[in-house]
Amino acid sequence: MNTEGKETGIVIDDARLDSTWAGLSKKVAGIEMLLHWKEAAMLNILASEVGATGHIVEIGGWMGGSTCIIGNACKDRGIPLVTVDHWADRVVNQIYPWNSDIFDTWYGNLKKGGVDGIVIPIRGESFEVVKVWWYPIAMLFIDGGHFDGIPQKDLAAWTPFVSPGGIVAIHDDFKPDVAEICKTLEDQPETWTVIGKIETMRVYQRVGEDDNIVRIPNPYAQGRLFDSFPTEGGRW
C-alpha cells in the first residue's frame, strides 16, 4: 500500500512499513494485540506524522497492544495519547473468563511497552465519555465494540471533533457494523477522503473547512483531562 499524497503528506509504502515494524516490534514484544503487523506499523507512522490540530484519541484499548503502538509515536513527539475503554472485557471473556476486568493487565502492558507515562486512560463507554469532551482531535482510532450498533455510536459521537486534515483509522472492516461506518464516511466525499487501506484497516482524512467542527467549552471537562498524567497504577 502506498498512501503518498497531497492530503496527508505522509508516505506509507511497504519499505516504510517494514522498517517501522523492525524497530517497533522490539518495543512491544510479548504484548498481546489483535493487529496485523502492517496495521500496527501504519498506526505508528500516522500518529508520528499527523499534522492536524488536536489530540490523538484511541477508542478501545483492550490489552494495550494498539495503545503501545500509538503511544510510542506519541512518546517520541512528547504528546499524550488518550485511550477510552470500559476495560470490562465483555466480549473476550470467553477467552479470559478469569479476568473480566482487564484494566490492570492493560496498564501493565503499557509499562512493558514504556508508554505508561504518556497515556491518559478514560474509563467508560465511549459514547458516554464524549459527553464531557470538547477538545479537537488530530487522529482518532476506532477499535471499540464491533457489534450492536456500537461502531455507529462511536463514529457519530467522536468524528465531529476531528479537525480539518485530521485522520480517522478504523479497524476490522470485515465486520458488518464496522463496514457500515466505513461506508458512512465514504458516502461523504465532501467531508472525508480515503487515504489508505491495509489488511482490515481503513484510513480517512477530514477535508474542507473548520465550520462544522464541534468546539463547545464544557465545564465538566475543561482543565481536567490534560493538566496531569496518571500516577502509579494509572489513576490520578
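Residues numbered from 1 in each chain as written. Predicted model: local features only at pLDDT ≥ 70, side-chain atom pairs only at ≥ 80, totals over all residues. Heavy atoms only, no water.

Moving on, we come to the environment of Val-28. Looking at where Val-28 falls in the secondary structure, it is placed in the loop between α1 (14–27) and α2 (37–49). Separated by 36 residues in the primary sequence, Val-28 and Gly-64 have C-alpha atoms spaced 9.6 Å apart. Setting aside its immediate chain neighbours within four residues, Val-28 contacts Trp-21, Met-33, Cys-68, Ile-69 and Asn-72. (Helix = DSSP H or I, 4+ residues; strand = E, 2+ residues; numbered from the N terminus. Contact = heavy atoms within 4.5 Å.)

Bringing α1 into the picture now. Compared with an ideal rise of 1.5 Å per residue, which puts 14 residues at 20 Å, α1 spans 20 Å between its outermost C-alpha atoms and is within 8% of the ideal. If you look at α1, its biggest bend is around 30°, right at Trp-21. Considered for burial, the residues of α1 that qualify are Leu-17, Thr-20 and Leu-24. Contacts made by the buried residues of α1 are with α2, α3 (65–77) and β6 (192–198). (Expected span 1.5 Å × (residues − 1). Bend = angle between axes of the 7 residues up to and from the residue. Buried < 20%, exposed > 50% of the residue type's maximum accessible area, 1.4 Å probe, protein only.)

What follows is about the confidence of the model for the protein chain. This prediction gives the protein chain a mean pLDDT of 81; 79% of its residues lie at or above 70. Here helix α5 (residues 126–129) stands out as the least confident element of the protein chain, with mean pLDDT 88; strand β4 (residues 137–142) is the most confident, with 96. Below a pLDDT of 50 lies the segment residues 211–236, which in the model reaches 65 contacts outside its immediate sequence neighbourhood of four places, other chains included. (pLDDT = per-residue confidence, 0-100.)

This part is about the sheet that holds strand β1 (residues 55–59). With mixed pairing, seven strands are arranged side by side in an open sheet as β3-β2-β1-β4-β5-β7-β6. Each edge of the sheet is formed by a strand with only one pairing partner; in this case those strands are β3 (119–123) and β6. With direction set aside, neighbouring strand axes in the sheet form an average angle of 20°. Pairing analysis gives five bridges linking strand β2 (residues 81–85) to β3, with the strands arranged parallel. The residue bridging Asp-85 from the neighbouring strand is Arg-123, located in β3. Helix-sheet contacts for helix α7 (residues 176–186) involve β4, β5 (162–171), β6 and β7 (201–206), and the interaxial angle to β5 is about 155°. (Pairing = 2+ DSSP bridges. Axes fitted to C-alpha atoms, helices over the stretch in contact; angles between N-to-C directions.)

Across all of its chains, the model carries eight aromatic pairs by this definition. With a centroid separation of 5.1 Å and 90° between ring planes, the pair formed by Trp-87 and Phe-103 is classed as edge-to-face. Linking Trp-87 in the loop between β2 and α4 (103–113) with Phe-103 in helix α4, this pair joins segments that are 16 residues apart in sequence. Residue Trp-87 is classed as buried on the basis of its relative accessible area, which comes to 0%. In textbook terms, an aromatic cluster arises when at least three aromatic residues are bridged by ring pairs, as seen for Trp-87, Phe-103, Trp-106 and Tyr-107. (Phe/Tyr/Trp six-rings, centres within 6.5 Å; stacked < 30°, edge-to-face > 60°.)

What follows is about the environment of Asp-13. Topologically, Asp-13 is positioned in the segment before α1. Between the alpha carbons of Asp-13 and Met-42 there is a distance of 9.3 Å; along the sequence they are 29 residues apart.

The next subject is unusual backbone geometry. Phi is positive for Trp-62, close to 45°, though the residue is something other than glycine. Position of Trp-62 among the secondary structure elements: in the loop between β1 and α3.

Next up on the list: the pairing of β5. In regular strands, side chains alternate between the two faces of the sheet. In terms of burial, β5 is largely enclosed, as eight of its ten residues are buried. One ladder, built from five bridges, connects β4 with β5; its direction is parallel. Each residue of the ladder has a partner; that of Ile-137, found in β5, is Val-162. Pairing between β5 and β7: five bridges, direction antiparallel. The partner of Ile-170 across the bridge, within β7, is Arg-202.

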